[in-house]
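Residues per chain are reported as follows:
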Amino acid sequence: MKTIWKPGAMLAPVPPTLVSCGNGEISNILTVAWTGIINSDPAMTYISVRRGRYSYGIIRDTGVFVINLPRSSMARQVDLCGVRSGRDTDKFALCGFTAEPSQPDGCPSIAECPVSISCRVKSVTPLGSHDMFIAEIASVSVDDSCIDQSGRFSAARADLLAYAHGEYFSLGKRLGFFGFSVRKKGRRK
């Protein structure tokens, strides 16, 4: 038996990302859990942001942002960037983060995050409480410490943070990989 609830944001876990934005004169970081991949060729993503957020205007005006994936050890900074406003707080300084220009647009990314996804806004869709910025992925920067000996991204080395229903979690052990249920013997382990 299942209990029926009213419609709500029950999809979890999700990545609690640190979205950085700016143009050289101003910069900010916003915690965003409403994000994901929406297309693979071209690579496309989205973020959903409330119109009243300080970062909303920066992203709308510059047309670029960076989705930074934090390590589980960064949970406090992720939470802090979600509850403090950039209108009166320099979140890079508050969190001890290093802003580095992303490629190819120069939008600030967070050096301490193991993965930074540089994005160019293609459209904005009003949805109600949030507007969805649909964006093309311009580049992905991965910390060398998160690349294994075969050149693949290692989620275990990245130690990414997860978010579910108001709580932060570190990712657990690997249970499989894409296609493991049908793999042939002697293939990837």
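Residues numbered from 1 in each chain as written. Predicted model: local features only at pLDDT ≥ 70, side-chain atom pairs only at ≥ 80, totals over all residues. Heavy atoms only, no water.

## Examining the nonpolar core
In this structure, V19, I47, I59, F65, I67 and F133 are the most contacted members of the largest nonpolar core, which totals 21 residues. At the level of elements, β1 (17-22), β2 (27-32), β4 (43-49), α1 (54-62), β5 (64-69), β8 (115-126) and β9 (131-142) are the ones that each hand at least two residues to this core. Once you skip the residues sitting within four places of it in the chain, F65 turns out to touch V19, S20, I47, I59, C107, I117, S118, C119, V121, F133 and A135. Of all hydrophobic cores here, the second largest spans twelve residues; its members include I29, M74, F92 and F97. (Core = buried A, V, L, I, M, F, W, Y, C linked by side-chain atoms within 4.5 Å. Buried < 20%, exposed > 50% of the residue type's maximum accessible area, 1.4 Å probe, protein only. Helix = DSSP H or I, 4+ residues; strand = E, 2+ residues; numbered from the N terminus. Contact = heavy atoms within 4.5 Å.)

## Describing the environment of F169
In this structure, F169 sits in strand β11 (residues 167-170). Each C-alpha atom of the pair F169 and V121 lies 29 Å from the other, and the pair is 48 residues apart in sequence.

## A closer look at the side chain of S102
Along the polypeptide, S102 turns up in the loop between β6 (99-101) and β7 (108-110). At 2.8 Å, the side chain of S102 and the backbone oxygen of C107 are in polar contact. Once residues lying within four places of it in the same chain are set aside, the contact partners of S102 are V66, C107, S109 and S118. (Polar contact = N/O pair within 3.5 Å; in protein donor to acceptor, adjacent residues only side chain to side chain.)

## Details of the packing of aromatic side chains
As enumerated under the stated definition, the model contains three aromatic pairs in all. Ring geometry for F177 against F180: centres 6.1 Å apart, planes inclined by 55 degrees, an arrangement best described as tilted. Relative accessible area serves as the criterion here: at 14%, F177 is assigned to the buried category. When its relative accessible area of 44% is taken as the criterion, F180 is described as partly exposed. (Phe/Tyr/Trp six-rings, centres within 6.5 Å; stacked < 30°, edge-to-face > 60°.)

Any link to function would need more than the numbers given here.
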